[in-house]
Amino acid sequence: AQSVTQLDSQVPVFEEAPVELRCNYSSSVSVYLFWYVQYPNQGLQLLLKYLSGSTLVKSINGFEAEFNKSQTSFHLRKPSVHISDTAEYFCAVSEFRTSYGKLTFGQGTILTVHP
Amino acid sequence: GAVVSQHPSWVICKSGTSVKIECRSLDFQATTMFWYRQFPKQSLMLMATSNEGSKATYEQGVEKDKFLINHASLTLSTLTVTSAHPEDSSFYICSARGLAGLSSYNEQFFGPGTRLTVL
């Protein structure tokens, strides 16, 4: 069975500072990895995903995440955050070609960007 | 991009009544739909997976007689919470996945969620 651990439940940071949201996963097979963002009272929006190829993946709004197979991690980073990045972020995993695309989510990390 | 809608966006009901939530894929055919629930300050927990035209597959611990799922068409799935009680109050989110394309992974697209409050 697959599982996801997000090590930080809340991350406060000042505007324009760098941020890292940590995510570790456990699975007995190869996986696909995702980061989703959720704004208050809204559904999830896909931020970025790792399916194959380059282990460093980037979003259009400056976030990036690196798949580290040896450490079973997929940490999310941004070099300079904005107030609008305040939201809850979920890391998720889906086992490769099994479980028909079922996603397992981490507990979520609330990112709060202060002016 | 692929759009998934949910209706209603919020609902308040009395204990003992049943509530139906609709999930629609607006611009693609969804062969598979997933239903999640999310308690305040917690993560999403998968409740069930439904494939069009067949019975839903429920996750362990989810009562199938209480959470009735119907996926009668390629664009609509419904979740009915029967005899709702206050402990069923939660944020219910659906996602939809279309036919597999050239990619080895078929992405899920999420609806905006439905907040259910049972008094």
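The text that follows walks through the structure, step by step, so that each part is easy to find. (Residues numbered from 1 in each chain as written. Chains lettered and ligands numbered in written order. Predicted model: local features only at pLDDT ≥ 70, side-chain atom pairs only at ≥ 80, totals over all residues. Heavy atoms only, no water.)

## Quick look at the overall build of chain B
Part 1 of the reasoning: Helix and strand counts for chain B come out as zero helices and 11 strands.
Part 2 of the reasoning: Its helices and strands taken in sequence order, chain B reads β-β-β-β-β-β-β-β-β-β-β from the N to the C terminus.
Part 3 of the reasoning: Relative to the globule expectation of 14 Å for 119 residues, the C-alpha radius of gyration of chain B, 14 Å, shows essentially globular dimensions.
Part 4 of the reasoning: Its C-alpha atoms give chain B principal-axis dimensions of roughly 45 × 25 × 25 Å.
Part 5 of the reasoning: Each of the 119 residues in chain B was classed as buried or not, and the buried ones make up 48%.
Part 6 of the reasoning: As displayed, chain B offers around 5900 Å² of accessible surface, 55% of which is attributable to carbon and sulfur atoms. (Helix = DSSP H or I, 4+ residues; strand = E, 2+ residues; numbered from the N terminus. Rg over C-alpha atoms; globule rule 2.2 N^0.38 Å. Buried < 20%, exposed > 50% of the residue type's maximum accessible area, 1.4 Å probe, protein only. Areas by Shrake-Rupley, 256 points an atom, 1.4 Å probe, with all protein chains shown as cover.)

## With respect to the overall build of chain A
Part 1 of the reasoning: Regarding its fold elements, chain A presents zero helices and 12 strands.
Part 2 of the reasoning: Relative to its length of 115 residues, chain A is compact, with a C-alpha radius of gyration of 14 Å against a globular reference of 13 Å.
Part 3 of the reasoning: Along the first, second and third principal axes, the C-alpha set of chain A runs to 45 × 30 × 25 Å.
Part 4 of the reasoning: Considering chain A as a whole, with its 115 residues, one finds that 45% of them fall into the buried category.
Part 5 of the reasoning: Look at the contacts in chain A between residues 6 or more apart in sequence, and 58% of them connect residues 24 or more apart. (Contact = heavy atoms within 4.5 Å.)

## Details of the interface of chain B and chain A
Part 1 of the reasoning: With 20 residues of chain B in contact, the opposing surface of chain A contributes 21 residues.
Part 2 of the reasoning: Interface area for chain B against chain A, summed over the two sides, is near 1600 Å², with a carbon-plus-sulfur share of 55%.
Part 3 of the reasoning: Between chain B and chain A we count one salt bridge in total.
Part 4 of the reasoning: Residue B:E59 is joined to A:K102 by a salt bridge in which the shortest nitrogen-to-oxygen separation is 3.2 Å.
Part 5 of the reasoning: Summed over the shared surface of chain B and chain A, the number is four residue pairs in polar contact (both at pLDDT 80 or more).
Part 6 of the reasoning: For the side of chain B that touches chain A, the secondary structure elements donating two or more residues are β4 (32-38), β5 (44-51) and β9 (90-97) of chain B. (Buried area = accessible area lost by both parts, 1.4 Å probe. Salt bridge = Lys/Arg side-chain N within 4 Å of Asp/Glu carboxyl O. Polar contact = N/O pair within 3.5 Å; in protein donor to acceptor, adjacent residues only side chain to side chain.)

## Things to note about the sheet that holds strand β8 (residues 76-81) of chain B
All names here are of chain B.
Part 1 of the reasoning: Ordered by their spatial adjacency, four strands build an open sheet running β1-β3-β8-β7, and the pairing between neighbours is antiparallel. Among the strands making up the open sheet, the edge pair consists of β1 (4-7) and β7 (67-73). Pairs of neighbouring strands in the sheet enclose a mean axial angle of 15°, with direction left out of account.
Part 2 of the reasoning: Pairing of β1 with strand β3 (residues 19-25), which is carried by four bridges, proceeds in the antiparallel orientation. In the sheet register, H7 faces β3, and the bridge partner there is E22. (Pairing = 2+ DSSP bridges. Axes fitted to C-alpha atoms, helices over the stretch in contact; angles between N-to-C directions.)

## A short note on the pattern of salt bridges
Pairing between side chains becomes possible if they bear opposite charge and their charged atoms approach one another.
Residue and element names in this part refer to chain B.
Part 1 of the reasoning: With the rule as written, the count across this model stands at six salt bridges over all chains.
Part 2 of the reasoning: Between E22 and R24 there is a salt bridge, with the nearest N and O atoms lying 3.4 Å from each other.
Part 3 of the reasoning: Note on E22: relative accessible area 24%, which makes it partly exposed.

## Side note on the state of the cysteines
Part 1 of the reasoning: Tallying each qualifying case throughout the model produces two disulfides over all chains.
Part 2 of the reasoning: Sulfur-sulfur distance for the disulfide between A:C23 and A:C91 comes to 1.9 Å. Between A:C23 and A:C91 the sulfur-sulfur dihedral comes to about -65°; the bridge is accordingly left-handed. Separated by 68 residues along the polypeptide, A:C23 in strand β4 (residues 23-26) and A:C91 in strand β10 (residues 87-95) bring together distant segments of the chain.
Part 3 of the reasoning: For A:C91, a relative accessible area of 0% puts it in the buried group.
Part 4 of the reasoning: Two residues, B:C23 and B:C94, share a disulfide whose sulfurs are 2.0 Å apart. On the sign convention where negative means left-handed, the S-S torsion of about 80° between B:C23 and B:C94 marks this disulfide as right-handed. On the criterion of sequence distance, the pair formed by B:C23 in strand β3 and B:C94 in strand β9 is long-range, its members being 71 residues apart.
Part 5 of the reasoning: For B:C23, a relative accessible area of 0% corresponds to the buried category.
Part 6 of the reasoning: Classification of B:C94 by relative accessible area gives buried; the value is 0%.
Part 7 of the reasoning: Between B:C13, a cysteine without a disulfide, and B:C94, which holds the nearest cysteine sulfur, the sulfur-to-sulfur distance is 18 Å. (Disulfide = S-S within 2.5 Å.)

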